[in-house]
Every structure is written in C-alpha cells, then in structure tokens.
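For reference, the chains in residue letters:
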Amino acid sequence: MKLIDGKEIANTIKGEIAEEVKRIVDKGGKIPHLAAILVGEDGASETYVNNKATACKQVGFDSSTYRFPADVSENELLEAVDFINNDPEIDGLIVQLPLPEHIDNQKVIQRIHPEKDVDGFHPVNIGRMTIGLPSYVPATPYGILELLMRSRIETTGKNCVILGRSNIVGKPMGLLMSRNEEPGNATVTICHSKTKNLQEICAAADILIVAIGRPGYVTADMVKEGAVVIDVGIHRIPSDETKSGFRLTGDVRFEEVAKKASFITPVPGGVGPMTIVSLLMNTLKSAKKEIYGSID
Ligand code: NAP
C-alpha cells in the first residue's frame, strides 16, 4: 500500500506557485490577489478563511478579508460582491459558506463574476466544465485530480465509484473522472443515499472516492484488493488520546481498508491540504487570464 501524502504534494505545488509569482513580479506583473467574504463569527469558517490567508502569504499572493456581522442584509452583501467584482486589483473572490439563513447562498454565488469565481461554484463555470471549456474547477475535486496525477495513478478505462453527489464534491468529481482526458476517461458510478447494493458497487471499484460525511462508513469488505481509495470526509470525533480531546477521522476506516488498497489518502493529511492549494492554483490562473483570457 502506498500512502498518498496530500500535505507533501500540497507543499510541492505551493513551491511551484511561489516560483511562478516571483517570475510574474520580476517581469513587472501584478501580484495575484485573493479576496474572501466572511459573514458572522462561526469558528470553523473563521479558521478556513485564516488558513486561506496564510496560504496566500506563503506563496506571495495578496489577500484580503471582507468581514460582515451575521445580521448583514442580503443587499449589502450583494453590493460588496459587486464592489469586489469591479476592483481590478482582485483576481479571485470566495464567499465562505455557509451563510446565515436569511441570505440566499445561490443568489450571492451567482453575483460573483464568473472570471473571479475561483471556487468554481458559479453555474457558468460548472456549465463550462461540463462541456469541456476552460473553467475554474471546484477546489476539492481539483485537488483530487492533482493527487491522482502526481501519484501517477492511471484513470483511463478504470472503474471509478464515487460515494456522494454533493454540488461541491461528488457531482463535479463524476464529471471530471468521465471527461475525455487523463485524469479522466474512467467509467463512473455515482452513489448516494438511495443507492441499492452499495457494498457490491463499491467492491467493484478500481478507484473509490468517498465523500458522504459519515465517519468510518467504508469498511474493508466494501473495497476491492488493490483499489485506489480517496477519502474526502473529515470529522472531529472525541478522543481520550489527544490533548484537545478530539481527533480527525475520515469516511473510510483507514486501518482495515489500507491493508487492501494499492493507494490511500489519510485523514488528516490527504485531500484536506489540497483544497486550499487548488484555490491558489485557480487564483493564479485568474491572474494570468488563463481561463477567460484564452477565449477572448
Ligand atoms: P454532503 O453535502 O454532506 O453530501 C453527502 C452525500 O453523501 C449526499 O449525496 C448523500 O446522499 C450521500 N450519502 C449520505 N449518506 C449516505 C449513505 N449511507 N450511503 C450512500 N450515500 C450517502 O457532502 P459533501 O459536502 O460532499 O461532504 C462530504 C464529506 O467530505 C464531509 O465529511 C465533509 O466535511 C468533507 N469535505 C471535505 C473537504 C476537504 O477539503 N477535505 C471538502 C469538502 C467536504 P443524498 O444526496 O441522497 O442525500
């Protein structure tokens, strides 16, 4: 079994981005700039946005965070998005989700200009990805593609099973794995809570990508000998063995599944570190006008 070390791969990519930023700046170009909108005082959201700002700093990007109280009006938020859309200094904008209930997530996401939508959540980017046009690919699936590619895992002709059909992971992952290029060219099955014979379907997978949000759901009997297993799930569960009183775990029972897998991602340190790096890769693409500039 080979461990797919997401932390190490993420650090390698960060190094590559930092070099690219240096080249751009040396030639007199503009420093890439990622902006984030953060609403309310949710601890997890705060941590995610801080981590993104730290990652920007590590690669030499500028970053800014626009903070709003939890009772901000939808209109005020839409105006902020318009303001950032029109700021030529800013290359990428992310809105940290979830937003408070009185705000329509989709309305805000759809207000982001597709050229600055580095999360790849805007329907224009999803649509472009679907028909194979250049687009920002949502961060987690993008990170998984990089993990597969950099671990030299072939996907062409493979049987790929994806557990979960969320808009941010399962669905885009299915599209990407079935597209007509490598990584891709796989025969894809997407499973969800209404799927029958889940164990049987999973056990036939050459590549199993798990994003269902249930700690330890995937057991060894659901995995084929020699399969590649990508665990997207991330959960904080109580533990007596750590100082913090909790530990992180995934959707896959790592210890037993690792014995059968040819490659497997750990939690933490697998898919997680790649998600932020994907955001950086998308922001760099925006700064270099690689997505929309290319079809002008
Ligand atoms: P989500 O929106 O919670 O959706 C879960 C999906 O799994 C749904 O499609 C659901 O089916 C399906 N599902 C739930 N229970 C199932 C079962 N028993 N059998 C079969 N399918 C089942 O998922 P998500 O946002 O993609 O997140 C999934 C996990 O990944 C979470 O633990 C999340 O924290 C983690 N995550 C990690 C990262 C990272 O960077 N590492 C990024 C994103 C998410 P239905 O559609 O039928 O309800």
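Residues numbered from 1 in each chain as written. Predicted model: local features only at pLDDT ≥ 70, side-chain atom pairs only at ≥ 80, totals over all residues. Heavy atoms only, no water.

Colleague: Can you walk me through the sheet that holds strand 1 (residues 2-3) in this structure?
Modeller: Within a sheet, neighbouring strands are paired by backbone hydrogen bonds and run either parallel or antiparallel to one another. The sheet built from six strands is open, its strands ordered 1-11-8-7-5-6 with parallel pairing. At either margin of the open sheet sits one strand with a lone partner, and together these are strand 1 and strand 6 (187-191). Inspection of the sheet shows strand 1 paired to strand 11 (residues 263-264) by two bridges, in the parallel sense. Paired with Lys 2 across the bridge in strand 11 is Phe 263. (Pairing = 2+ DSSP bridges. Helix = DSSP H or I, 4+ residues; strand = E, 2+ residues; numbered from the N terminus.)

Colleague: Looking at this structure, how should I read the site of the ligand?
Modeller: As a matter of local geometry, the ligand sits amid 20 residues, with Arg 165, Ser 166, Ser 193, Arg 214 and Thr 275 nearest to it. Between Thr 275 and the ligand, the recorded distance is 2.8 Å, taken from a side-chain N or O atom to an oxygen atom. Of the residues that constitute the shell around the ligand, the class distribution is eight nonpolar, ten polar and two charged. (Near = heavy atom within 4 Å. Polar contact = N/O pair within 3.5 Å; in protein donor to acceptor, adjacent residues only side chain to side chain. Nonpolar A, V, L, I, M, F, W, Y, C, P; charged D, E, K, R; others polar.)

Colleague: Explain the domain arrangement of the protein chain to me, please; I cannot follow it from the model alone.
Modeller: Interfaces are often sized by the accessible area lost when the parts come together. Looking at the protein chain, the domain boundaries give domain 1 (28-113) and domain 2 (139-272). Centre-to-centre separation of domain 1 and domain 2, based on C-alpha positions: 29 Å. (Domains from an automatic or database assignment.)

Colleague: Would you explain the packing of helix 1 (residues 6-26) against helix 6 (residues 139-150) in this entry?
Modeller: For any two helices packed against each other, the geometry comes down to the angle between their axes and how far apart the axes lie. Where helix 1 meets helix 6, the axes come as close as 11 Å, and the angle between the chain directions of the two elements is 95°. Here helix 6 runs roughly perpendicular to helix 1, going by the angle between their axes. Across from Gly 6, Ile 9, Thr 12, Ile 13 and Glu 16 in helix 1, the residues of helix 6 making contact are Glu 146, Leu 147 and Arg 150. Its residues assigned to classes, the contact of helix 1 with helix 6 comprises three nonpolar, two polar and three charged. (Axes fitted to C-alpha atoms, helices over the stretch in contact; angles between N-to-C directions. Parallel < 35°, antiparallel > 145°, perpendicular 65-115°, else oblique. Contact = heavy atoms within 4.5 Å.)

Colleague: Help me understand the confidence of the model for the protein chain, please; the structure alone is not making it clear to me.
Modeller: Parts of the prediction with low pLDDT should not have their coordinates interpreted in detail. Chain-level statistics for the protein chain give a pLDDT mean of 96 and a share of 99% at 70 or above. The least confident element of the protein chain is strand 9 (residues 235-238), whose mean pLDDT is 92; the most confident is strand 7 (residues 207-210), at 99. (pLDDT = per-residue confidence, 0-100.)

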